[in-house]
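# Structural overview
Residue strings, one per chain:
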Amino acid sequence: MEARGWRGWTLLVWVAAVTWLSADGRRVRQPRCPAGCICTKDNALCETVRSVPHTFPSDVVSLSFVKSGFNEITGGSFVHTPALQLLLFTANSFDLIDEDAFLGLPHLEYLSLAYNNLETLPKDVFKGMDALTKVDLRGNNLICDCKLKWLVEWMHHTNATLDQIYCSAPPIHQGKKINDLLPHSFDCITAEFASYQSLKFESISVDAFTFAEDQYVVFPQPFAGTCSFLEWDHVEMTFRPYDTIESTSTVVCKPMVIDGHLFVIVAQLFGGSHIYKRDASANKFIKIQDIDILKIRKPNDIETFLIDGESFFVIADSSKAGSTTVYKWNGNGFYSHQSLHPWYRDTDVEYLEISNKPHLILSSSSQRPVVYQWNRSQKQFDRRTDIPEMEDVFSVKHFRVKGDLFICLTRFIGDSKVMRWDGAMFKEVQTFPSRGSMVFQPVSIGKWQYAILGSDYSLTQVYQWEAKRGQFVPTQELNIQAPRAFSLVSIDDRVFLLASSFKGKTQIYEHLMIDLSH
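These numbers come from a predicted model, not from an experiment. (Residues numbered from 1 in each chain as written. Predicted model: local features only at pLDDT ≥ 70, side-chain atom pairs only at ≥ 80, totals over all residues. Heavy atoms only, no water.)

## Section: the packing of aromatic side chains
Tallied over the entire structure, the rule returns 42 aromatic pairs. Between Phe-305 and Phe-312 the ring centres are 5.5 Å apart and the planes differ by 10°, which places this aromatic pair in the stacked class. The class of Phe-305 is buried, set by a relative accessible area of 6%. Counting every residue linked through ring pairs, the aromatic cluster contains Phe-399, Phe-406, Phe-432, Phe-440, Tyr-463, Trp-465 and Phe-472. Across the ring face of Phe-285, the terminal group of Arg-278 is positioned such that the distance to the ring centre comes to 4.6 Å. If you follow Arg-435 out to its NZ or CZ, it ends over the ring of Tyr-457, 4.4 Å from the centre. (Phe/Tyr/Trp six-rings, centres within 6.5 Å; stacked < 30°, edge-to-face > 60°. Buried < 20%, exposed > 50% of the residue type's maximum accessible area, 1.4 Å probe, protein only. Lys NZ or Arg CZ within 6 Å of the ring centre and 35° of its normal.)

Rendered as structure tokens:
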């Protein structure tokens, strides 16, 4: 009887070890130690297993993986072991750890991911693990880029302790202690131009302007013979038609606001050029003046500017018989103020200030770009110099970076260039292959300085200024057919890039900021 009693008690203990009662009284078999693992009372050690097992004994609170045969920890891998307090991975090689890999481990206190060839960790991988007191990340190849910025932020807020860990890359952080980095050590905000609206017409140039506290844009349509004005629809969030000026072979529609009145200089290849004024009472544009057809025979570009409070505009004339001419507002209309070098077939004119003095740069198909300086006593522009070794420049546009003056020079054949004013002359900074280019436009949005190089033969290239190099670097390509001009307009805290297209649909892009750490 005693022998049978002892054997019965042993059997009872064994049964109890492998079964327990379910909530409804049914007996349920307790999970055995998985193959490839060794389990003791509350510990489990797995070596060379090919995946995370889901059948550990319920009382396991410590789990270790050594030299595992899997390279990814998938989401929810440990939801079957919610009582875990210690989790170790040693001498593994992981390509990916899912952000939900450790989901369902509210009691985990110690997590060791040391020496697992990790290059990054997903954001929120420690979310919900409020009991953590120690995380070991030593011996990995962590890349301290924007994807890991969250870890630095987490380290500054968590109560868990971490041993010293180091960055393996990028070069700016290589060898640094991650523990010493700060969130602002990462520059993770970038931007791009995203397609926003496509307009159903071709255009040859574009201007944005503000009138009566509203923003407008205007596109000359040479084939349709109109200046097409658009306004922003604050409800539909699109640009919609506002008004038109009927014209012939239109190349430029240049808005100019003087004393609260809107004027538009309409340059045409045929039939002369004209000036219109917005009649507020009639709510339409009325022609008020013709431009001397003997001076302006083949207009190609118009610039407006102020000098000592007086309003001017200048028309670049590209005919052999015409003359690039400056016009001045006299209170009632515009009159010819000065003719600049006739017979030179000018294709572009740019107004800018050099050393706080007004200047014009004229581009021409027959000579190098010519720089004119304003003579304050004579109230005229005097020829100052030209830009050497820069023949066949179609246009010149300027921009500034931290007080330094630069110009973008567009060439249809050969390389376009960026040059910097050194105090006496423009010196070359950078060249850009640009076969087929008729626009190389710098645009500035907040801290971002761009240069957009359009081409008739390839995609439009967007370059961003990199301060450390002192040069532009390529950042994006845009698909625009035969681009001719770019302009910016800011509306409702949003910035749009307007892109005229001579052979396709005119395009509108929105400038969007992107946080690479998200």
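## What to know about the sheet that holds strand S28 (residues 380-386)
Strand pairs in the sheet, formed through backbone hydrogen bonds, run parallel or antiparallel to each other. The strand order across the open sheet formed by four strands is S25-S26-S27-S28, and the pairing between neighbours is antiparallel. In the strand order of this sheet, the two ends are held by strand S25 (346-354) and S28, each with one partner. On average, adjacent strands in this sheet sit at an angle of 30° to one another, irrespective of strand direction. Both S25 and strand S26 (residues 357-364) contribute to a ladder of eight bridges, which runs antiparallel. Bridge pairing in S26 places Val-349 opposite Leu-362. (Pairing = 2+ DSSP bridges. Helix = DSSP H or I, 4+ residues; strand = E, 2+ residues; numbered from the N terminus. Axes fitted to C-alpha atoms, helices over the stretch in contact; angles between N-to-C directions.)

## Re the pattern of salt bridges
Evaluated as defined, the whole model comprises 21 salt bridges. For Glu-310, the salt bridge identified is with Lys-328, shortest N-O distance 2.8 Å. Of this pair, Glu-310 sits in strand S22 (residues 310-317) while Lys-328 sits in strand S23 (residues 324-329); the two residues are 18 residues apart in sequence, bridging distant segments of the chain. Given the relative accessible area of 27%, Glu-310 is considered partly exposed. (Salt bridge = Lys/Arg side-chain N within 4 Å of Asp/Glu carboxyl O.)

## Some thoughts on the UniProt feature "domain: LRRCT" (unreviewed entry) in the protein
The residues that UniProt annotates with the feature "domain: LRRCT" (unreviewed entry) are residues 140-189. Across residues 140-189 one finds 14% helix and 6% strand; the C-alpha atoms that close the span lie 26 Å apart. (UniProt positions renumbered as here; feature names shortened; annotations may be inferred.)

## Some details on the state of the cysteines
Applying the stated rule across the entire model yields five disulfides. In this model, Cys-146 is linked to Cys-188 through a disulfide, with the two sulfur atoms separated by 2.2 Å. The disulfide joining Cys-146 to Cys-188 has a torsion of about -105° about its S-S bond and is therefore left-handed. Of this pair, Cys-146 sits in the loop between strand S10 (134-136) and helix H2 (149-155) while Cys-188 sits in the loop between strand S11 (161-162) and strand S12 (189-198), and the two are 42 residues apart along the sequence. By relative accessible area, which is 13% here, Cys-146 ends up buried. Judged by its relative accessible area of 2%, Cys-188 is buried. Each disulfide of the protein joins two cysteines, and with those cysteines numbered along the sequence the arrangement is 1-3, 2-4, 5-7, 6-8, 9-10. (Disulfide = S-S within 2.5 Å.)

## With respect to the sheet that holds strand S9 (residues 110-112)
Taken in spatial order, the seven strands make up an open sheet running S3-S4-S5-S7-S9-S10-S11, and their pairing is mixed. The outermost strands of the open sheet, each flanked by one partner alone, are strand S3 (37-39) and S11. Across three bridges, S3 lies against strand S4 (residues 43-47) in antiparallel orientation. When the bridges of S4 are listed, Cys-37 appears paired with Cys-46.

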